[in-house]
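What follows is the residue order along each chain.
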Amino acid sequence: GESVGLHLPTLSVQEGDNSIINCAYSNSASDYFIWYKQESGKGPQFIIDIRSNMDKRQGQRVTVLLNKTVKHLSLQIAATQPGDSAVYFCAGFMTTDSWGKLQFGAGTQVVVTP
Amino acid sequence: NAGVMQNPRHLVRRRGQEARLRCSPMKGHSHVYWYRQLPEEGLKFMVYLQKENIIDESGMPKERFSAEFPKEGPSILRIQQVVRGDSAAYFCASSPGAYQPQHFGDGTRLSIL
């Protein structure tokens, strides 16, 4: 099975609320993760990354939390806007490959409702 | 500051024909990756290349598929004798090095008639 996966296929959020997207990973994933946003008809867009020496990292309206104990990370989007509607992927570098293969989860579709 | 450029954006082929997908990495990036995405699914790794070298092709079918990244020019993903099951979106990504964030193009949507 996949070593990087997401809990929910779809997340419906009201405009203005905060969104939380979760991701779990297995032992074969390294502690370096990237969140991508993919809008319809486009390629994945880098949002934010986090390395193993950090528990939390903040960007513009986004925060990523990494819990190495339970092998879980999350992406929080503050004050969700219609433009945040997209599929969000977490991806982790695999430690089993010498060059660091990036393994993608299945994705969570975020739908922002007015 | 151009990003990863892929062309064509859409490609239609009949069964048995060849498909050629092109990817120009971001400026300064010498590492190129190809992924395949089916509708409603995540990205599946196909191949990783550096200039003139295939580093890892473990995700690419052994038959009909090939990839190259020549010293000059774009990276090419080539699919010979296409079949209906090859219909998918193919994405290219590039990075300045290994274990670095990969930046993606907007993909080529391949449709097989």
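In this report, we go over the structure that sits alongside the text. Everything quoted here is computed from the prediction, not taken from an experiment.

## Description of the sheet that holds strand β7 (residues 65-68) of chain B
All names here are of chain B. In space, the four strands of this open sheet follow the order β1-β3-β8-β7, with antiparallel pairing throughout. Strands at the two margins of the open sheet, each flanked by one partner only, are β1 (5-7) and β7. For this sheet, the mean inter-axis angle between neighbouring strands, taken without regard to orientation, is 15 degrees.

## Thoughts on the state of the cysteines
According to the stated counting rule, one finds two disulfides over all chains in the structure shown. Disulfide pairing is shown between Cys23 of chain A and Cys90 of chain A; the S-S distance is 1.8 Å. Because the sign of the S-S torsion sets the handedness, a value of about 45 degrees for the bond joining Cys23 of chain A and Cys90 of chain A places this disulfide among the right-handed ones. Of this pair, Cys23 of chain A sits in strand β3 (residues 19-25) while Cys90 of chain A is found in strand β9 (residues 86-94), placing the two residues 67 residues apart along the sequence. On the accessibility criterion, Cys23 of chain A (0% relative accessible area) is buried. Judged by its relative accessible area of 0%, Cys90 of chain A is buried. The partner cysteine of Cys23 of chain B in its disulfide is Cys92 of chain B, sulfur to sulfur 1.8 Å. Judged by the sign of its S-S torsion, about -55 degrees, the cystine formed by Cys23 of chain B and Cys92 of chain B is left-handed.

## Details of the interface of chain A and chain B
The interface is formed by 24 residues belonging to chain A together with 24 residues belonging to chain B. Interface area for chain A against chain B, summed over the two sides, is near 1,700 Å², with a carbon-plus-sulfur share of 58%. The residue Asp56 of chain B makes a salt bridge to Lys101 of chain A at a minimum N-O spacing of 3.8 Å. On the surface where chain A and chain B come into contact, there are six residue pairs in polar contact (both at pLDDT 80 or more).

## Digging into the packing of aromatic side chains
How two aromatic rings sit relative to each other is set out by the distance from centre to centre and by the angle between their planes. A full pass over the atoms with the stated rule returns twelve aromatic pairs over all chains. Note on Tyr36 of chain A and Phe104 of chain A: the rings are 5.5 Å apart at their centroids and 40 degrees apart in plane angle, and the pair reads as tilted. Taken as a pair, Tyr36 of chain A in strand β4 (residues 29-38) and Phe104 of chain A in strand β10 (residues 102-104) lie far apart in primary sequence, 68 residues in all. Here Tyr36 of chain A and Phe104 of chain A have matching classes, each one buried. With 6.2 Å between their ring centres and 75 degrees between their planes, Tyr35 of chain B and Phe45 of chain B make a pair best called edge-to-face. Of the two residues, Tyr35 of chain B is situated in strand β4 (residues 31-37) and Phe45 of chain B in strand β5 (residues 43-50); the sequence distance between them amounts to ten residues. As far as burial versus exposure is concerned, Tyr35 of chain B and Phe45 of chain B are alike and both buried. Lying over the aromatic face of Tyr32 of chain A, Arg51 of chain A brings its terminal NZ or CZ to 3.8 Å of the ring centre.

What counts and what doesn't
- Residues numbered from 1 in each chain as written.
- Chains lettered and ligands numbered in written order.
- Predicted model: local features only at pLDDT ≥ 70, side-chain atom pairs only at ≥ 80, totals over all residues.
- Heavy atoms only, no water.
- Pairing = 2+ DSSP bridges.
- Helix = DSSP H or I, 4+ residues; strand = E, 2+ residues; numbered from the N terminus.
- Axes fitted to C-alpha atoms, helices over the stretch in contact; angles between N-to-C directions.
- Disulfide = S-S within 2.5 Å.
- Buried < 20%, exposed > 50% of the residue type's maximum accessible area, 1.4 Å probe, protein only.
- Contact = heavy atoms within 4.5 Å.
- Buried area = accessible area lost by both parts, 1.4 Å probe.
- Salt bridge = Lys/Arg side-chain N within 4 Å of Asp/Glu carboxyl O.
- Polar contact = N/O pair within 3.5 Å; in protein donor to acceptor, adjacent residues only side chain to side chain.
- Phe/Tyr/Trp six-rings, centres within 6.5 Å; stacked < 30°, edge-to-face > 60°.
- Lys NZ or Arg CZ within 6 Å of the ring centre and 35° of its normal.

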